[in-house]
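This is what each chain is made of:
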Amino acid sequence: MPVPLTTPAFGHATLADCEREQIHLAGSIQPHGILLALKEPDNVVIQASINAAAFLNTNTVVGRPLRDLGGDVALQILPHLNGPLHLTPMTLRCTAGSPPQQVDCTVHRPSNGGLIVELEPATRSTNIAPALDGAFHRITSASSLLGLCDETATIFKEITGYDRVMVYRFDEEGHGEVLSERRRPDLEAFLGNRYPASDIPQIARRLYERNRVRLLVDVNYMPVPLQPRISPLNGRDLDMSLSCLRSMSPIHQKYLQNMGVGATLVCSLMVSGRLWGLIACHHYEPRFVPFDIRAAGEALAETCAIRIAALESFAQSQSELVVRRLEQRLAEAVSRDGEWQTALFDGSQSLLQPLGASGAALLFEGQVTTAGDVPSTQRIRDLATWLDRRRKLPDAAQGLTVTASLTLDEPSFSDIRGVASGLIAAPLSASDGEYLLWFRPEQVRTVTWGGDPLKAVIIGDDPSDLSPRRSFAQWHQLVEGKSEPWSAAELASARLVSETVADVALQLRSVRMVIAQDQLATISAQVLRSEQPVIIADVEGRILLMNEAFEQQLRASHPHIPHLRDLGAYFSAPAEFRANLDDLMRNKRSWRGELTLTGGALPQRPLMLRADPVIAPYDRVLGFVLIFSDLTERKTAEAARARFQEEIDGNRRPSLRLDHSASLIYKELAASTVENAQLAALEVTHGAEAGSMPEMLESIRNSTARTLSILEHLVWYRSQSGE
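This structure is a prediction, so every number in the text was calculated from the model and none was measured. (Residues numbered from 1 in each chain as written. Predicted model: local features only at pLDDT ≥ 70, side-chain atom pairs only at ≥ 80, totals over all residues. Heavy atoms only, no water.)

A. Inspection of the overall build of the protein at higher detail. Scanning the protein from N- to C-terminus turns up 19 helices and 27 strands. Burial statistics for the protein: of 723 residues in total, 53% are counted as buried. Expressed as a percentage of contacts within the protein between residues at least 6 apart in sequence, the contacts between residues at least 24 apart total 64%. Of the roughly 31,800 Å² of accessible surface on the protein, 51% is carried by carbon and sulfur atoms. (Helix = DSSP H or I, 4+ residues; strand = E, 2+ residues; numbered from the N terminus. Buried < 20%, exposed > 50% of the residue type's maximum accessible area, 1.4 Å probe, protein only. Contact = heavy atoms within 4.5 Å. Areas by Shrake-Rupley, 256 points an atom, 1.4 Å probe, with all protein chains shown as cover.)

Set out below in structure tokens:
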């Protein structure tokens, strides 16, 4: 089926609707180089930028084989055509034209077929390796996020020479904030400014994820069109997503002109697979940056992203340490006093500090216990009723309820916004009205925007006179009804605390069931509905209760299991299971251990068992409680750690042929890169939740592999250019 042509280039976007702009279908390039689109395998030129003939000093380009256009470019790219050029462009020094002139040649394969060759005039390459090695160590040594961003901005200004360098972070709504800045002294400061999400459309963000470095040499350039405009291979616009010369969006070009910027270099910061932010370099006159500096910038951005992931995980691990101490205190309270609520609120900072909360409330078994600044007891009960209703909605999300704008989400709570504009609510059981709540107050604050965010588009006297906003003067907005947003580390802490409290509550309810038979119907319902597998047995080991969560682990139609010893048949080491069980029952010793369930309805999986005797006064044993936890995520995380170490060691070996001198330089840079990656992996291992750890380690591994590839390419490029 024929594909409709995109006319004009960049699609049908207007300034009022930037999201429709097809940025990757530019149909033109910046004029400091040329672009040739080839048909393989004979490498005949089927499209070319209209400046190609003059650049190569020939009459015609389209229709001719690349080898006939002068120089050795066709010969030099030949060994690299089997590489992953659809993912990562390759740049090399070669000659082209008549008479041959030195050029930097970048080659890649677009998504819709063919081969793209881009040529730029060669410049004298710089020995960037010593500066890079020192920069890697400076980045790895940063101990805080702001310190890292400041160091990164400094390094980029030193290496690239731009007038202004900003490290720019996106928030959860896509708005950007300038966290760090290094600038020429006479320039206005942008530090702390925010820019609305609409300034960078989603399609542009996706391109930043794919093509990590974008250079604009002269904001006021005249685009050089491709001829023919449409690819003869497929009748479509050429996909220029990975092109280093691709024309900028006219809307973005106008935006920069309105800012007074003359040239830009932008490097993406990809953290754990998401576009975390950008390193944006601005110059106030045209500026060309050669390939080796661009490659160095990309390597530094990847290294910075790895360090960001490590610092975020470290912050989470510190919170986890506080949470683990809280867990120990709860366990001791249950053992000593037979209750845990008082221990949870003793020294309230251990409950509030990991989340940066100003107040907390526990609703459990009809009682409300609070710490810090909280709404009235009645309003807390009203919140629980509201949360119960939300949980019963058909599309309700499970787990935490999180908001930084409670009173905007639910205006009926506007009277408590002074203490509860921010809310995290963790359900503690399947029963209504049982929650652990954390609160944050309204933070009435002034947000400084780089221009009025409500005027991204300016309409002139003539309705057709549209422009991106022309004013970037600071614009101040008063924000009400919102708290400081909750961070990922704080949400992880909330999950850890609430899971611990829910476990302790479930354990205590299980104990009560053994102790108080008259409460059996009520308490057993709580245990039966628990999502965590539980078995309760009497002093002889006869099973009194096996909840549905454990039943689901077994065969669909398993036989009745009367005794704890009968469970051994469902585990990989039945004899060991029975030996530990005998020790639990005979010697009243708690049992903690890992088991592998093999006889269930699901594939075999690892479980953690916590088995305890229930002891009444005078050391009388009333029964036993066995609680199981699925270790699949943890085991997957452990395997991911081992695989990461194995693969990171393997990634050090270069794939290109390097001479002795280049090999030594590469090994030194690679050692710094791998050291940073291993440090980040260690901090992720100790800080991240088990479920997210494999993905985070894979992200670090990918960033490291990408960095090593860039460094190898850079060292090889410099040795090949003979400088």
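B. Here's a closer look at the pattern of salt bridges. Under the counting rule described, the total for this entry stands at 25 salt bridges. Between D612 and R592 there is a salt bridge whose closest N-O contact spans 3.1 Å. With D612 in strand β26 (residues 605-616) and R592 in strand β25 (residues 591-597), this residue pair connects regions lying 20 residues apart in the sequence. By relative accessible area, which is 11% here, D612 ends up buried. Measuring nitrogen to oxygen at the nearest pair gives 3.1 Å for the salt bridge that ties R701 to E698. Of the two residues, R701 and E698 are both situated in helix α19 (residues 693-720); the distance of 3 residues between them amounts to about one turn of the helix. Here E698 falls in the partly exposed class, since its relative accessible area comes to 33%. Each of the salt bridges in this network shares a partner with another, and the network as a whole consists of R212, E298, E302 and R706. (Salt bridge = Lys/Arg side-chain N within 4 Å of Asp/Glu carboxyl O.)

C. Structural context of the environment of Q553. Position of Q553 among the secondary structure elements: in the loop between α15 (548-551) and α16 (574-587). For Q553, a relative accessible area of 14% translates into the label buried. A C-alpha to C-alpha distance of 9.5 Å links Q553 and P603, two positions 50 residues apart in sequence.

D. How the structure looks around the packing of aromatic side chains. Throughout the structure, instances matching the rule amount to 7 aromatic pairs. Their ring planes at 85° and their centres at 5.5 Å tell us that Y168 and F170 sit as a pair that is edge-to-face. We note that Y168, like F170, is buried. When the centroid spacing of 4.9 Å and the interplanar angle of 65° are considered together, the rings of F291 and Y717 count as edge-to-face. In this pair, F291 sits in helix α7 (residues 291-337) while Y717 sits in helix α19, placing the two residues 426 residues apart along the sequence. On the accessibility criterion, Y717 (1% relative accessible area) is buried. An aromatic cluster is defined as three or more aromatic residues linked by ring pairs; in this entry it consists of F550, F571, F577, W591 and F628. (Phe/Tyr/Trp six-rings, centres within 6.5 Å; stacked < 30°, edge-to-face > 60°.)

E. Summary view of the side chain of H282. Relative to the helices and strands, H282 resides in strand β13 (residues 274-283). Once residues within four sequence positions are removed from consideration, H282 is found in contact with Y162, D163, R164, M166, M259, V261, A263 and T264.

F. Summary view of the sheet that holds strand β17 (residues 422-427). Taken together, the 5 strands give an open sheet; going across it, the order is β15-β14-β18-β17-β16, and neighbouring strands pair in antiparallel fashion. Pairing within the sheet leaves two strands with one partner each, and these edge strands are β15 (367-372) and β16 (401-403). Taking each pair of neighbouring strands and ignoring which way they run, the sheet shows an average axis angle of 10°. Bridge analysis of strand β14 (residues 359-364) against strand β18 (residues 435-440) gives 5 bridges, and the strand direction is antiparallel. Among the inter-strand pairings, A360 is bridged to a residue of β18, identified as W438. The strands that helix α10 (residues 377-391) touches are β14, β15, β16, β17 and β18; relative to β18, the one it contacts most, it runs at about 115°. (Pairing = 2+ DSSP bridges. Axes fitted to C-alpha atoms, helices over the stretch in contact; angles between N-to-C directions.)

G. View of helix α6 (residues 250-259). Turning to α6, its buried residues are I251, Q253, Y255, L256, N258 and M259. With a side-chain oxygen lying 3.1 Å from the backbone nitrogen of I251, the N-terminal cap of α6 falls on S249. Once α6 ends, the next one or two residues include G260, with phi positive near 85°. (Polar contact = N/O pair within 3.5 Å; in protein donor to acceptor, adjacent residues only side chain to side chain.)

H. Spotlight on the pairing of strand β27 (residues 620-630). Taking burial as the measure, the 11 residues of β27 include 8 buried ones, the bulk of the element. With 5 bridges joining them, strand β23 (residues 534-538) and β27 adopt antiparallel strand pairing. Note that in β27 the partner of V534 across the bridge is I627. Where β26 and β27 come together, 10 bridges link them in antiparallel fashion. When the sheet's bridge partners are listed, A611 is paired in β27 with L626.

I. Looking closely at the sheet that holds strand β24 (residues 543-546). Taken together, the 5 strands give an open sheet; going across it, the order is β24-β23-β27-β26-β25, and neighbouring strands pair in antiparallel fashion. Each of the sheet's edge strands pairs with one partner strand only, and the pair in question is β24 and β25. Across the sheet, the mean angle from the axis of one strand to that of its neighbour is 20°, orientation sign disregarded. As paired strands, β23 and β24 are joined by 3 bridges and run antiparallel to one another. Each residue of the ladder has a partner; that of I535, found in β24, is M546. Against the sheet, α16 engages β25, β26 and β27, with an angle of about 155° to β25.

J. How the structure looks around the nonpolar core. Residues L36 and L119 are the most contacted members of the largest nonpolar core, which totals 94 residues. Looking at this core element by element, the count peaks at 14 residues for α7. Beyond its immediate stretch of four places on either side in the chain, L119 contacts G33, I34, F55, L56, V73, A96, V103, D104, C105 and L245. Counting 29 residues, the second-largest nonpolar core is a separate cluster that includes A343, L344, A357 and A494. (Core = buried A, V, L, I, M, F, W, Y, C linked by side-chain atoms within 4.5 Å.)

K. Summary view of unusual backbone geometry. In the segment running from E40 into P41, the intervening peptide bond is cis, with an omega of 5°. Tracing the backbone through its elements, the reader meets P41 in the loop between β2 (34-39) and β3 (44-49). Geometrically, the link from Q227 to P228 is a cis peptide bond, its omega value of -5° lying close to zero. Take P228: it is sitting in the loop between β11 (224-227) and α6.

L. Layout of helix α5 (residues 202-210). Of all the residues in α5, the buried ones are I203, A204, R205, L207 and Y208. For α5, the elements touching its buried residues are β7 (164-170), β10 (213-216), β12 (263-271) and β13.

M. Spotlight on the state of the cysteines. Counted according to the given criterion, the structure contains 0 disulfides. The closest cysteine sulfur to the non-disulfide-bonded C105 is located on C94, 4.5 Å from its own sulfur. You can call C105 buried: its relative accessible area is 0%. Its sulfur unpaired, C281 is 6.2 Å from the next cysteine sulfur, which belongs to C267. (Disulfide = S-S within 2.5 Å.)

N. Examining the environment of R287 more closely. If you trace the backbone, R287 turns up in the loop between β13 and α7. In this structure the C-alpha to C-alpha distance between R287 and V219, which are 68 residues apart in sequence, comes to 9.7 Å. Once residues lying within four places of it in the same chain are set aside, the contact partners of R287 are T160, G161, Y162, L215, L216, V217 and A263.

O. Broad picture of the packing of helix α3 (residues 129-141) against helix α4 (residues 145-160). Remark: α3 packs on α4, axes separated minimally by 9 Å, with the N-to-C direction vectors making an angle of 165°. In this view, α3 runs roughly antiparallel relative to α4, as classed from their interaxial angle. Note that α3 runs across α4; the crossing there is right-handed. Contacts from A135, R138 and I139 in α3 reach L148, E151, T152, T154, I155 and E158 in α4. Considered class by class, the residues forming the contact of α3 with α4 number 4 nonpolar, 2 polar and 3 charged. (Parallel < 35°, antiparallel > 145°, perpendicular 65-115°, else oblique. Left-handed = near helix turned anticlockwise from the far one by under 90°. Nonpolar A, V, L, I, M, F, W, Y, C, P; charged D, E, K, R; others polar.)

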